[in-house]
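The lines below spell out each chain.
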Amino acid sequence: MRYDMIIAGVGGQGILSIATVIGHAVLDRGWRLKQSEVHGMAQRGGAVETHLRIADGEIASDLVPQGRASLILALEPLEALRYLPWLAADGRVVANLATVENMAHYPDSGEIYAELRQLPGCLLFDAVELARLNGSARAVNMAVLGAAASCLPLPVPALEAAISAQFQRKGGAVVKGNLAVFRAAHALAEANAHN
Amino acid sequence: MSMDRRLLLADEAIAQGALDAGLSGAYAYPGTPSTEILEYIQRQAPAGVHCEWSANEKTAVEEALGMAYAGKRALVAMKHVGLNVAADPFVNSAITGVNGGLVVVAADDPSMHSSQNEQDSRFYADFALLPAIEPSSQQEAYATTRYAFDLSEKMRVPVLLRLTTRLAHSRADVTVDAPRAQNALALPDDPRQFVLLPANARRNYAALLAKQPALRQAAENSDFNALTDGPDQSVGIIACGLAINYVREACDGAPSPHPMLKIVQYPLPEHLLRRLAEKCRTLLVIEDGMPFVESRLRGVLPHGWTIRGRLDGTLPYAGELTPESVARALGKPAAAVRAASALVVPRPPGLCAACPHMDSFLFIKEAMAEHPGGRVFSDIGCYALGALPPLEAIASCVDMGASITMAKGAADAGLRPSVAVIGDSTFTHSGMTGLLDAVYEKAPITLLILDNGTTGMTGGQTSLGAGRLEAIVRGLGVEPKHLRVLAPLKKNHAANLKALREELAYQGVSVILSQRECIQTAKKRSGKHFHAI
């Protein structure tokens with residue numbers, strides 16, 4: 001089993017917590033993981049990405065080679081596009097459609113959506129709205145993770161257990177809120193797949 | 001999760017390795033990509049292990065050397081350019097040698113993800129005649145840290161542990177071993193060992209030179225260096241540190257078809273290199289950082305060998321290694337890859353919403369607009385983002401503390417007004433001595449210390465001057481009537497602008513302390529995170 005993915009977003013959006021949740025679930029299964037992160041200056045609102053590699057055996061490179069990612073999971077649509085050279089021929093994109101326009105000359109969002117929607121199996125949805133409607137406006141990252149849950153080589157209950165472990169120290173309400181958003185997004189993706 | 005397997009960044013694996021090696025004290029100044037080493041020790045260390053931040057990398061190395069003098073194990077961590085600041089004690093610690101184990105960690109940043117240059121710390125170890133170790137994986141980061149302490153005590157010299165950003169900030173499962181107890185306090189047997197008067201230094205230097213064959217032998221025999229055979233001798237591969245991972249990736253899990261030397265421990269294992277060269281007339285050197293091994297190799301081998309690497313363009317000279325650049329160097333066909341989207345534009349970082357530096361820059365920019373011939377020299381920290389649009393307010397960002405001294409030098413040249421902008425943590429790191437230069441000569445400069453009470457860029461570590469900056473500035477001799485303290489808030493804009501205008505007109509040293517808490521640490525304190533992290 002080998003599974004490579006890119007998690008992309010804007011510094012401050014919480015992509016590292018997505019990686020941490022997946023990481024816990026991977027370790028619980030006894031698999032191996034390499035997770036290359038961006039720390040430092042770019043975390044101040046710049047483009048950030050995590051290369052996440054999961055395998056049941058040894059993993060060589062810390063970086064995902066181009067053309068090999070089975071999944072691009074993006075908290076922002078332009079950031080999903082940024083990593084297209086890494087997406088495998090049969091790879092999938094799951095992305096939040098809410099833009100973060102914190103620089104001059106942000107491209108036309110309609111053109112970004114059109115390009116993303118050309119990719120087979122792309123799931124583009126409003127994770128900000130979904131998180132808000134499910135009572136945890138801050139859990140946008142868990143919405144995107146939930147929408148991608150069926151793509152990952154991990155059972156959904158294992159991800160849920162990892163979310164509970166991750167937010168435990170913040171109290172039961174935070175755990176419940178994050179789980180509710182994760183589940184709602186998972187259900188949305190399932191419904192979308194069966195349409 | 002099993003007890004002994006943990007998901008650790010290589011930075012954290014080094015920290016855990018040091019703790020398990022019986023560490024008594026860790027010293028550091030924060031700097032990407034090294035910050036997480038001391039942060040991890042602060043979270044995990046048992047009571048009594050020193051783990052406070054130091055004022056700068058030089059003080060950190062000296063404090064660690066003091067602990068090693070006293071017979072205990074000490075670790076120092078810094079980013080690559082921090083080793084420039086600490087170069088004086090680092091190079092001299094090779095001459096004193098150590099008593100307890102001393103491991104100096106330098107985290108290099110090829111591709112300059114968060115730095116000003118790509119310098120390769122292996123050159124420092126070579127220059128100081130000290131062993132260097134560059135682990136290839138998170139697990140090896142743990143193991144080599146433990147080994148580095150043993151080597152340091154066995155050979156009585158500091159050991160440099162070098163890694164690069166890609167490994168420092170990558171997480172993997174790491175298996176940890178049983179911890180070792182700390183050393184007891186034990187003073188050096190020889191009272192002259194640490195007294196580097198010329199006579200003693202010459203004797204110690206001879207002893208250091210005499211250790212070189214044993215240090216080289218340790219690298220030749222190191223469990224971390226490995227020469228492996230392969231049927232295809234058209235090229236022999238030399239892979240340093242994490243480069244081996246990209247070679248394995250390019251081979252897609254199969255053993256390398258070429259003979260290969262993995263180098264983790266230095267000094268350069270020349271015997272292993274010659275054995276590889278006996279098999280292969282063409283050698284490809286793959287290293288993350290500068291062509292350190294490649295350039296040494298050209299002096300080791302006689303004519304008739306082809307050396308390929310960063311120097312002949314087989315790999316790009318600048319920038320970190322990637323799976324793609326290594327696969328190309330190995331002659332692998334390029335994988336079919338999707339074209340990049342034409343829509344994608346860069347997304348540079350910027351100051352946070354409600355950042356106090358923004359309000360400071362707004363009055364600085366307005367005041368400087370009245371002096372088109374004047375310039376603002378700045379420094380290393382979040383406020384370096386003041387160089388980007390829409391502010392475009394600063395003329396320099398060079399090294400820790402250089403704002404003040406460059407402003408003074410430009411003032412010496414006749415520039416008026418000559419302004420320096422520095423953060424509080426950078427000021428106590430390397431700005432205070434430069435301010436003393438300016439005070440001594442009564443140089444016409446205006447210094448703004450943007451005091452947000454923290455080391456912001458690296459994530460909010462302790463700033464040692466917090467609450468003491470006024471006293472420090474006054475103590476350095478700045479005239480009290482030209483030391484202003486103000487709060488960078490929108491409602492104070494007019495008053496702040498007036499204060500700066502007045503100080504720009506003063507032909508001597510003025511200091512404006514612009515004080516307001518970093519918005520990120522303020523949020524952390526109040527428990528209000530931007531996102532549920």
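For clarity, every value in this text was computed on a predicted model and none was experimentally measured.

**Looking at the overall build of chain A**
- Scanning chain A for helices and strands turns up seven helices and six strands.
- If you list the helices and strands of chain A from N to C, you get β-α-β-β-β-α-β-α-β-α-α-α-α.
- The C-alpha radius of gyration computed for chain A amounts to 16 Å, which stays within 12% of the reference 16 Å derived for 195 residues, consistent with globular compactness.
- Within the span of chain A, comprising 195 residues, buried residues form 58% of the whole.
- Long-range contacts, defined as pairs at least 24 residues apart, comprise 65% of the intrachain contacts of chain A with a sequence gap of at least 6.

**A short note on the overall build of chain B**
- Looking only at helices and strands, chain B has 19 helices and 19 strands in total.
- Over its C-alpha trace chain B gives a radius of gyration of 25 Å, about what one expects of a compact globule, namely 24 Å for 533 residues.
- By principal-axis analysis of the C-alpha atoms, chain B measures approximately 75 × 65 × 55 Å.
- When burial is assessed residue by residue, chain B has 54% of its 533 residues classed as buried.

**Comments concerning the pairing of strand E2 (residues 23-28) of chain B**
All names here are of chain B.
- For E2, the buried fraction is high: six of the six residues fall into the buried class.
- By the bridge criterion, five bridges tie E2 to strand E3 (residues 73-79) in an arrangement that is parallel. Looking at E3, one finds that Tyr27 is bridged to Val76.

**A closer look at the nonpolar core**
- In this structure, Val76 and Ile286 of chain B are the most contacted members of the largest nonpolar core, which totals 220 residues.
- With eight residues, helix H1 (residues 15-28) of chain A is the single largest residue contributor to this core.
- Non-local contacts of Val76 of chain B, meaning those with residues more than four positions away in its chain, are made with Tyr27, Ala28, Ala60, Val61, Ala64, Val104 and Val105 of chain B.

**Some words on the interface of chain B and chain A**
- If you look at the interface, chain B gives 43 residues, while chain A gives 49 residues.
- Elements that contribute at least two residues to the side of chain B that touches chain A include exactly strand E1 (5-9), helix H8 (165-168), strand E7 (170-175), helix H10 (243-250) and helix H13 (323-329) of chain B.
- Class assignment for the residues of the side of chain B that touches chain A results in 24 nonpolar, ten polar and nine charged.
- Where strand E2 (residues 32-36) of chain A lies against E7 of chain B, three bridges are found, and the strand directions are antiparallel.

**Overview of the sheet that holds strand E4 (residues 69-74) of chain A**
- Judged by pairing direction, the sheet is mixed, and its eight strands sit side by side in the order E6(A)-E5(A)-E4(A)-E1(A)-E3(A)-E2(A)-E7(B)-E1(B) without closing on themselves. Either end of the sheet is taken by a strand with one partner, and the two such strands are strand E6 (123-125) of chain A together with E1 of chain B. Taking each pair of neighbouring strands and ignoring which way they run, the sheet shows an average axis angle of 20 degrees.
- Both E1 of chain B and E7 of chain B contribute to a ladder of five bridges, which runs antiparallel. Across the sheet, the residue bridging to Leu8 of chain B is Ala172 of chain B, located in E7 of chain B.
- On the sheet, H1 of chain A packs against strand E1 (2-10), E2, strand E3 (47-55) and E4 of chain A together with E1 and E7 of chain B and is oriented at approximately 5 degrees with respect to E3 of chain A.
- Seen against the sheet, helix H7 (residues 138-155) of chain B touches E1 and E7 of chain B and runs at an angle of roughly 60 degrees to E7 of chain B.

**Brief notes about the sheet that holds strand E11 (residues 265-266) of chain B**
Residues and elements named next belong to chain B.
- The strand order across the open sheet formed by six strands is E2-E3-E4-E6-E5-E11, and the pairing between neighbours is mixed. Two strands in the sheet have a free side with no partner beyond their single neighbour: E2 and E11.
- Relative to E11, strand E5 (residues 132-133) runs antiparallel, the two sharing two bridges. Considered in E11, the bridge of Ile133 is made with Gln265.

**With respect to the pairing of strand E16 (residues 418-423) of chain B**
Residues and elements named next belong to chain B.
- In terms of burial, E16 is largely enclosed, as six of its six residues are buried.
- Where burial is concerned, the two faces of E16 agree: the one with Ser418, Ala420 and Ile422 and the one with Val419, Val421 and Gly423 are both buried.
- As paired strands, strand E14 (residues 375-378) and E16 are joined by three bridges and run parallel to one another. Bridge assignment links Phe377 to a residue of E16, and that residue is Ala420.

**A few points about helix H2 (residues 35-44) of chain B**
All names here are of chain B.
- Burial of H2 is extensive: seven of the ten residues sit out of reach of the surface.
- Within H2, burial applies to Thr35, Glu36, Ile37, Leu38, Glu39, Tyr40 and Ile41.
- Against the buried residues of H2 lie E1, helix H1 (10-20), E2, E3 and strand E4 (102-108).

**Some details on the environment of Lys154 of chain B**
Residues and elements named next belong to chain B.
- Residue placement: Lys154 occurs in helix H7.
- Using a count of 11 C-beta atoms within 10 Å as the deciding quantity, one classes Lys154 as exposed.
- Along the backbone, Lys154 and Asp312 are 158 residues apart, and their C-alpha atoms lie at a distance of 39 Å.

**Describing the confidence of the model for chain B**
Residue and element names in this part refer to chain B.
- On average, residues of chain B carry a pLDDT of 95, and 98% of them reach 70 or more.
- Predicted confidence is poor over residues 529-533, with pLDDT under 50, and the contacts of this stretch with residues over four places away or in other chains come to 14 contacts.
- Model confidence for the complex: the whole-complex pTM is 0.89, and ipTM, which rates the interface, is 0.91.

**Section: the packing of helix H3 (residues 57-69) of chain B against helix H5 (residues 87-96) of chain B**
Residues and elements named next belong to chain B.
- Where H3 meets H5, the closest approach of the two axes is 8 Å, and the angle between their N-to-C directions is 30 degrees. By the angle between their axes, H3 is roughly parallel relative to H5. Packed against H3, whose contacting residues are Lys58, Val61, Glu62 and Leu65, the element H5 presents Asp88, Pro89, Phe90 and Ser93 at the interface.

**Some remarks on unusual backbone geometry**
- The omega angle of the peptide bond from Thr32 of chain B to Pro33 of chain B is 10 degrees, so this bond is cis rather than trans.
- Residue Pro390 of chain B is bonded to the preceding Pro389 of chain B through a cis peptide linkage, with omega at 5 degrees.
- Note on placement: Pro390 of chain B falls in the loop between E14 and strand E15 (396-397).
- Notably, His105 of chain A is not glycine yet its phi reads approximately 60 degrees, a positive angle.
- His105 of chain A sits in the exposed class, given 7 other C-beta atoms within 10 Å.
- For Lys442 of chain B, which is not glycine, the phi torsion reads 50 degrees and is therefore positive.

**Details of the environment of Met290 of chain B**
Residues and elements named next belong to chain B.
- Tracing the backbone shows Met290 in the loop between strand E12 (282-286) and helix H12 (292-300).
- Put simply, Met290 and Met78 are 212 residues apart on the chain and 19 Å apart in space, counted from C-alpha to C-alpha.
- Leave out the neighbours within four places in its chain, and Met290 touches Glu118 and Asp120.

**A closer look at the domain arrangement of chain B**
Residue and element names in this part refer to chain B.
- Domain boundaries assigned for chain B yield domain 1 (5-220), domain 2 (226-329) and domain 3 (356-523).
- Spacing between the C-alpha centres of domain 1 and domain 2 amounts to 26 Å.
- Each side of the interface is counted separately: domain 1 has 24 residues, and domain 2 has 19 residues.
- At the level of secondary structure, the elements contributing two or more residues to the side of domain 1 that touches domain 2 comprise helix H6 (122-128), E5, H7, H8 and helix H9 (198-220).

Definitions and cut-offs
- Throughout this document, residue positions are counted from 1 along each chain, in the order its sequence is written.
- As they are written, the chains are lettered A onward and the ligands numbered 1 onward, keeping that order.
- pLDDT decides what is reported in this predicted model: residues at 70 or higher carry local features, side-chain atom pairs at 80 or more are listed and counted, and totals for whole chains, interfaces and linings draw on all residues regardless.
- Strands here are runs of E lasting at least two residues and helices are runs of H or I lasting at least four, both read from the DSSP assignment and numbered beginning at the N terminus.
- Radius of gyration here uses only the C-alpha atoms, and the compact-globule reference equals 2.2 Å multiplied by the residue count raised to the power 0.38.
- A residue is called partly exposed when the number of other C-beta atoms within 10 Å of its own lies between 12 and 20, exposed at 12 or fewer, and buried at 20 or more, with C-beta atoms placed from the backbone.
- Contact definition: two residues whose C-beta atoms, as placed from backbone geometry, lie within 7 Å.
- Whether two strands pair depends on DSSP finding at least two bridges between them.
- Note on terminology: a nonpolar core is any set of buried Ala, Val, Leu, Ile, Met, Phe, Trp, Tyr and Cys residues joined through C-beta atoms within 7 Å.
- Under the scheme applied, nonpolar residues are Ala, Val, Leu, Ile, Met, Phe, Trp, Tyr, Cys and Pro; charged residues are Asp, Glu, Lys and Arg; polar residues are all the others, including Gly.
- Every axis in this analysis is a line fitted to C-alpha atoms, fitted for helices over the stretch in contact. Angles between the N-to-C directions lie between 0 and 180 degrees.
- You can read pLDDT as the predictor saying how much it trusts each residue, on a scale of 0 to 100.
- Note that the term roughly parallel is reserved for angles under 35 degrees, roughly antiparallel for angles over 145, roughly perpendicular for angles of 65 to 115, and oblique for everything else.
- Just so you know, the domain bounds were taken from an automatic or database domain assignment.

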